[in-house]
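Fold and geometry: a report
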Amino acid sequence: MEFPEYKKNIVVLGGGFGGLQAALRLGKFIRRAGLGGKYSVVLVDKHPRHIFTPLLYEVATTSEASLPAGKRNTIAHELEPLVAYPLKELLESSGVEFHLDEVRRLDILEGVAHLKTGKLDYEYLVIALGSETNYFDIPGLAAHGLPLKTFEDALAIRERLDPRVGENKGLTRVVIGGAGSTGVELAGEIREWSCARPYTKTCNIHVTLVESGHNILGAMDARVQAKATARLKKLRVQIFTEERVVRVDTREIHLKSGEHILHDIFIWTGGVRAVPLTEELPMKREGKGRIEITSGMECLPIGEDLRVAGNIYAVGDIACLYDPETKQPSPWMARPAMMGARCAAKNIIERIKFAEGISRAIKTHTYRVPDYPYIVPVGGKYAVAKIGPFVISGFLAWVFKGIVELNYFLSIMPWWRALSVWLRGFLLFIKNDRMG
Ligand SMILES: Cc1cc2nc3c(=O)[nH]c(=O)nc-3n(C[C@H](O)[C@H](O)[C@H](O)COP(=O)(O)OP(=O)(O)OC[C@H]3O[C@@H](n4cnc5c(N)ncnc54)[C@H](O)[C@@H]3O)c2cc1C
């Protein structure tokens, strides 16, 4: 793709939760301000689709039986549009150009992003390249642990699980390493799914959750942890806490305590780290590779405008802010990524307005680590949600999860498409879900 040299590029790297929000806001501003002749907003991603990760656990646990008979051998094809949305379509008429390419290196002194197929100059840059599965160099983990980070990962888990569920299939031992929200969601849903099939009288899938921390859902509210633990126990998920995985073989997981657990399927959801591209950046990084936003450039208090150098902003899983009160790092979650992206986009817009003489001063928008609401589905039509100081659980929280999902779709798609994607997903995934 050729980019006109006379235009200034506002480049967003990564089309995930953070990058997409930033690009949509920047595109809207440039269009409305009539600056399209001077600025291009370009979003670069190495994948053609935006992945809605909160539904990947559903993809991993959807049986062919949920589909009409004629569509069963095309299940991947049926599931894909429910969680993976083409970026090109999402950006249609948004004023944002989508460029399918891989970012290889960033030269922040020259203001150039080096891509697989060439170079891209930028005037403003938003880095939103996200994270990848962290195997912590544990022997055998990458070879034997199935990750859950992409649509393809979810399909791979589904393909291993689906044929094993049912009567007369023998016992299958599923072990999940890591009891963050992904591990908990998956553990609950696998049990619920495999034990709730109409033709299954006995449940032949045994699920074990292994967590190195003191509790499951480590960074979450203690009430959420307690409710999720109780729910998992009700679903007969075996939980090991304070047990660190130190080695994984084809059939066994070895723990630091000397215990070992037999597995037929091992799923690793025990950690992520920033994409390796950050390693070459001349910026401060924390232990998991995230760019630390510790000092704003213009003497702003810590991390306030999300700028990490010059006109460069970092948002989402690739960036790390610390809560000024608790000193805890920001969580690896979609909401902070989106909120950070909106803040970075606003700050870029302020700078452009100033540069273009639309405003006389740059108003800095600050980002404060808020008390994020969150929802953890734990098998079937049951979830635990924390909204402000309140914790709700059960069917109501599950309904709330559906509303939050629809709300997200409405923020990135036209309403009729959002409604259609949401409804189709709802009708398909609900077939695996029974009332808690
Ligand atoms: C299974 C699962 C379930 C989750 N559920 C929830 C949930 O319920 N609620 C919640 O808040 N959070 C959830 N999360 C976490 C959430 O998905 C992340 O925190 C969020 O995606 C971070 O957004 P981001 O924009 O930083 O990165 P991402 O959304 O990961 O986007 C990064 C983008 O960058 C692209 N990219 C990476 N490297 C390159 C490169 N070199 N060149 C070009 N493009 C590149 C990727 O293709 C990707 O599109 C879940 C995560 C997983 C894996």
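Since the structure is predicted, the reported quantities are computational estimates derived from the model, not experimental observations.

What to know about the site of the ligand
Every one of the 26 residues lining the ligand counts as a neighbour, but Gly-18, Asp-45, Thr-53, Val-103 and Asp-317 are closest to it. Relative to its unbound accessible surface of 1000 Å², the ligand loses 87% to contact with the protein. Among the secondary structure elements, those contributing two or more residues to the shell around the ligand are α1 (17-32) and α9 (334-355). In terms of residues, the shell around the ligand owes the most to one element, α9, which gives 3 residues.

Description of the packing of aromatic side chains
This structure, assessed with the given rule, holds 11 aromatic pairs. An angle of 65° between the planes, with centres 4.9 Å apart, marks the rings of Phe-52 and Phe-409 as edge-to-face. Of this pair, Phe-52 sits in the loop between β3 (49-51) and α2 (56-60) while Phe-409 sits in helix α10 (residues 395-412), and the two are 357 residues apart along the sequence. Owing to a relative accessible area of 3%, Phe-52 belongs among the buried residues under this scheme. Aromatic pair Phe-136 and Trp-268: ring centres 6.4 Å apart, planes at 90°, arrangement edge-to-face. Of this pair, Phe-136 sits in the loop between β10 (131-133) and α5 (141-144) while Trp-268 sits in strand β18 (residues 265-268), and the two are 132 residues apart along the sequence. One Lys or Arg, Arg-290, reaches over the ring of Trp-332 and ends 4.0 Å from the middle of that ring.

A closer look at the domain arrangement of the protein chain
Considered domain by domain, the protein chain is made up of domain 1 (8-46 + 101-133 + 273-355) and domain 2 (141-270 + 373-432). Of note, the centres of domain 1 and domain 2, computed from C-alpha atoms alone, are 31 Å apart. In this complex, domain 1 contributes 11 residues to the contact, which on the side of domain 2 involves 9 residues. A buried area of about 760 Å², summed over both sides, lies between domain 1 and domain 2, and 67% of it is on carbon and sulfur atoms. Ranking the residues of domain 1 by area buried against domain 2 places Thr-133, Met-333 and Arg-335 at the top, with a combined share of 48%. Along the contact surface separating domain 1 from domain 2 lie 0 salt bridges. Taken together, domain 1 and domain 2 are joined by 2 residue pairs in polar contact (both at pLDDT 80 or more). Those elements that place two or more of their residues in the side of domain 1 that touches domain 2 are α1, β10 and α9.

Regarding the pattern of salt bridges
Think of it this way: side chains of opposite charge can pair up when their charged atoms draw near. If you walk through the whole model with that rule in mind, you get 15 salt bridges. A salt bridge links Asp-221 to Arg-223; its shortest N-O distance comes to 3.0 Å. For Arg-223, a relative accessible area of 39% corresponds to the partly exposed category. Counted as one network, the salt bridges with shared partners bring together Arg-49, Glu-80 and Glu-152.

Topic: the sheet that holds strand β17 (residues 260-262)
Pairing between the strands of a sheet is mediated by backbone hydrogen bonds and can be parallel or antiparallel. Pairing in this open sheet of 3 strands is antiparallel, and the strands run β15-β16-β17 from one edge to the other. Two strands lie at the open edges of the sheet, namely β15 (245-248) and β17, each paired on one side alone. On average, adjacent strands in this sheet sit at an angle of 25° to one another, irrespective of strand direction.

Parameters and conventions
Residues numbered from 1 in each chain as written. Predicted model: local features only at pLDDT ≥ 70, side-chain atom pairs only at ≥ 80, totals over all residues. Heavy atoms only, no water. Near = heavy atom within 4 Å. Areas by Shrake-Rupley, 256 points an atom, 1.4 Å probe, with all protein chains shown as cover. Helix = DSSP H or I, 4+ residues; strand = E, 2+ residues; numbered from the N terminus. Phe/Tyr/Trp six-rings, centres within 6.5 Å; stacked < 30°, edge-to-face > 60°. Buried < 20%, exposed > 50% of the residue type's maximum accessible area, 1.4 Å probe, protein only. Lys NZ or Arg CZ within 6 Å of the ring centre and 35° of its normal. Domains from an automatic or database assignment. Contact = heavy atoms within 4.5 Å. Buried area = accessible area lost by both parts, 1.4 Å probe. Salt bridge = Lys/Arg side-chain N within 4 Å of Asp/Glu carboxyl O. Polar contact = N/O pair within 3.5 Å; in protein donor to acceptor, adjacent residues only side chain to side chain. Pairing = 2+ DSSP bridges. Axes fitted to C-alpha atoms, helices over the stretch in contact; angles between N-to-C directions.

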